[in-house]
Amino acid sequence: QTMDNSRPDGLCPASGFLQFGLKPQLMQAISKLGYTTPTPVQERAIPLLLSGSDVIAQAQTGTGKTAAFMLPVLQTLKQGQSGIQVLVLTPTRELALQVAQAALEYGSHLNTEVLAVYGGQPYGPQIKRLRQGVDIVVGTPGRLLDLIKKKELDLSRLSSIILDEADEMLSMGFVDDIEEILSTSPSERQTALFSATLSPKIISMAKKYMHAPQSV
């Protein structure tokens, strides 16, 4: 995305994003971040996710995939609803922090509560935040599963699950944790899977846990 805000044509910086019909608060945030034109993965995934479809997207890191799933998530978030609405699974602590930060930036005008959880950190502060109420939780599969087993992470009101860098998570041995998380979440949720490569293992997991996913 280019960072040029001085558009000679007088259009708002994020004019390429107008096609998606996003809330003014989201348009404000992405204009401020200097986004002008959607990347190919955003162009194709955003409308599908906004329509409620499950999506399997093959996209490399650096293609704008975080905005491709986070903007639709923020668009459809129910304001004032208690309980976690969105769960994002990431392979590493670094990516969890990065995605949580992006969610805060895109949702800066929406008053969205976002929490990143990962291993190697004490449970106390994470549990305290969960009890205070969070809309979006981003985390590594092992820690997410631990919090579910401790009955601190309640997925009963979940509307979306995103698997980010799914191939990485599988190669790191998280497959059982991911399957357990998917099987304990509400079956009518929306599921999106983003991956740089699509191994047979990912495809079979998608078939098992996704509803007629659209490919991007």
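Residues numbered from 1 in each chain as written. Predicted model: local features only at pLDDT ≥ 70, side-chain atom pairs only at ≥ 80, totals over all residues. Heavy atoms only, no water.

Novice: How should helix α5 (residues 123–132) be read in this particular structure?
Specialist: It helps to recall that an α-helix has 3.6 residues per turn; residues three or four apart then point in one direction. Buried within α5 we find Gln 126, Ile 127 and Leu 130. The buried residues of α5 occupy an angular sector of 95° when projected down its axis, which confines them to one face. Among the exposed residues of α5, those oriented more than 90 degrees off its buried face are Pro 125, Lys 128, Arg 131 and Gln 132. Close packing links the buried residues of α5 with β3 (114–117), β4 (136–139) and α6 (141–149). Of the residues flanking the end of α5, it is Gly 133, one or two places downstream, whose phi is positive at about 110°. (Buried < 20%, exposed > 50% of the residue type's maximum accessible area, 1.4 Å probe, protein only. Helix = DSSP H or I, 4+ residues; strand = E, 2+ residues; numbered from the N terminus. Arc of directions from axis to C-beta. Contact = heavy atoms within 4.5 Å.)

Novice: Sorry, what's going on with the pairing of strand β6 (residues 190–195) here?
Specialist: If a strand is regular, its side chains alternate between the two faces of the sheet. β6 sits mainly inside the fold: six of its six residues count as buried. Residues Gln 190, Ala 192 and Phe 194 line one face of β6 and the alternating positions Thr 191, Leu 193 and Ser 195 line the opposite face, and both faces are buried. Relative to β6, strand β1 (residues 55–58) runs parallel, the two sharing four bridges. In the sheet register, Ile 56 faces β6, and the bridge partner there is Leu 193. In this structure, strand β5 (residues 160–164) lies alongside β6, joined through five bridges in parallel fashion. When the bridges of β6 are listed, Ile 161 appears paired with Thr 191. (Pairing = 2+ DSSP bridges.)

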